[in-house]
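Here is what each chain is made of, one letter per residue.
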Amino acid sequence: MILKAVLLLGCALGISTFPMEEPEDGGKHWVVIVAGSNGWYNYRHQADVCHAYQIVHRNGIPDKQIIVMMYDDIADNEDQPKALSSIDLMAQMCMLECPRTIQRSHGAPGLLAFPDDDLHVKDLNKTIWYMYHHKKYQKMVFYIEACESGSMMNHLADNINVYATTAANPKESSYACYYDDERQTYLGDWYSVNWMEDSDMEDLRKETLHKQFQLVKKRTNTSHVMQYGNRSISSMKVMQFQGKGKKAMPISLPPVEKYDLTPSPDVPFAIMKRKLMATNDISEAKKIAAQMKAYLEVKEFIQESMQKIVTIVTGSTEQTKQILSDRLTISNYDCYQSAANYFKAHCFNWHLPVYEYALRQLYALVNLCEGGYPIERIFLAMNRVCLGN
Ligand SMILES: *[C@@H]1O[C@H](CO)[C@@H](O)[C@H](O)[C@H]1NC(C)=O
Ligand SMILES: *[C@@H]1O[C@H](CO)[C@@H](O)[C@H](O)[C@H]1NC(C)=O
Ligand SMILES: *[C@@H]1O[C@H](CO)[C@@H](O)[C@H](O)[C@H]1NC(C)=O
């Protein structure tokens, strides 16, 4: 039998395992950490992943049992400021020390978006139950950072030895933090940074998951940090999931001057704004202003399209207003998954950076499904609005 912990962090996922016979110090721990996204403007997710790697590495998990999955575009990205060496510290650390495969993701209600596919809550649930039935773990712990990340776990059963904490409840954004003027991007995500800085500073052989949850919940003041599943597991020590009991010195961190807390969905625009303010070059400024204008136009176009779809489905102004303002909890997973997939295939493919904002409109599809509108009707409305037939 195997004892296992799963950490999903900064749009990232980690799994650690060790045999039950020697849960304190023996056997194998596995850690899988998945970076959520690509692009220089999402630098922070990959920085989070490297930070997480450092924590479990320092706490004694052997490198060959740490799998880091991240999109391999940071080290030689054209947006990387030329003043920095082409391989900066973060990328260097990751490239040299982490065994890697490539992945990325973004949150929306009930799904995490990966490059060519999405991890839907239904499939994550299926996977967890499969692992439970096949005794692939004794205990599992998730840390999930993504917008609406509570929606990935709020159905979690309390009798399958899984405990999860998430950056946000099912209905709200998570936040980016630490804008860096030199790199011109955010360096962290507020919830992930808070639990990881806590893991840096505390003695993890003494601190319980529950204590860490409380501290992180208090510090993460921009969203509601949540916990799900079997809460008794949180009386266990953090070290049992993030390390192998090796004596790691707690790290003291330098004081922080500014946090730059920014809702994740606003990050691309916030970066453009900061770049515009920072430049003295007229032609550069014009270029950025044009990018900002284009960004807002696409965003508006996506919003309008969803509004048209909802109007056609409901056939009523009143109901349309309701559907566009509600934040209902998903219970009809099949309807929602079909509607989201259809929207992706025929309206806006959010895997393309230009349409990433489409993820922020999926809540309306949740509401339509929960409102009992038939999926065929939703398909037809999308055909009319997005395909013009
Ligand atoms: C999760 O999967 C289990 C096992 O297949 C199933 O009984 C349960 O209803 C599922 N829960 C959700 C919320 O889909
Ligand atoms: C929750 O976990 C605790 C500690 O592992 C265990 O004793 C308890 O039986 C679990 N609860 C359920 C409902 O499975
Ligand atoms: C959240 O906490 C940070 C750091 O303690 C603080 O700078 C910020 O003003 C707080 N924001 C809100 C919305 O309370």
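The name recorded for the protein in an unreviewed UniProt entry is Legumain, from Taeniopygia guttata.

Asks: Please provide a residue-by-residue account of the sheet that holds strand β12 (residues 185–189), values included.
Replies: Across a sheet, strands are paired by hydrogen bonds formed along the backbone, either parallel or antiparallel in direction. Taken in spatial order, the three strands make up an open sheet running β12-β11-β14, and their pairing is antiparallel. The open sheet has two edge strands with one neighbour each: β12 and β14 (262–263). Bridging between strand β11 (residues 175–180) and β14 involves two bridges; their strand directions are antiparallel. Residue A176 lies in a different strand from β14, and its bridge partner there is T262. Sitting on the sheet, helix α1 (residues 43–58) is in contact with β11 and β12, with an inclination near 45 degrees to β12.

Asks: So, the site of ligand 3: which residues are in play, and what are the values?
Replies: As a structural note, the neighbourhood of ligand 3 is formed by R219, N221, Y259 and L261. N221 is positioned with one of its side-chain polar atoms (N or O) 2.3 Å from an oxygen atom of ligand 3. Contact with the protein chains removes 43% of the 360 Å² of surface that ligand 3 exposes when unbound. In terms of residue class, the shell around ligand 3 is built from two nonpolar, one polar and one charged.

Asks: Give a detailed account of the site of ligand 2, specifying residues and quantitative values.
Replies: Near ligand 2 you find K139, D158, N159, N230 and S232, and these make up its full shell. Measuring from an oxygen atom of ligand 2, one finds a side-chain N or O atom of N230 at 2.3 Å. Its residues placed into classes, the shell around ligand 2 shows no nonpolar, three polar and two charged.

Criteria and thresholds
Residues numbered from 1 in each chain as written. Chains lettered and ligands numbered in written order. Predicted model: local features only at pLDDT ≥ 70, side-chain atom pairs only at ≥ 80, totals over all residues. Heavy atoms only, no water. Pairing = 2+ DSSP bridges. Helix = DSSP H or I, 4+ residues; strand = E, 2+ residues; numbered from the N terminus. Contact = heavy atoms within 4.5 Å. Axes fitted to C-alpha atoms, helices over the stretch in contact; angles between N-to-C directions. Near = heavy atom within 4 Å. Polar contact = N/O pair within 3.5 Å; in protein donor to acceptor, adjacent residues only side chain to side chain. Areas by Shrake-Rupley, 256 points an atom, 1.4 Å probe, with all protein chains shown as cover. Nonpolar A, V, L, I, M, F, W, Y, C, P; charged D, E, K, R; others polar.

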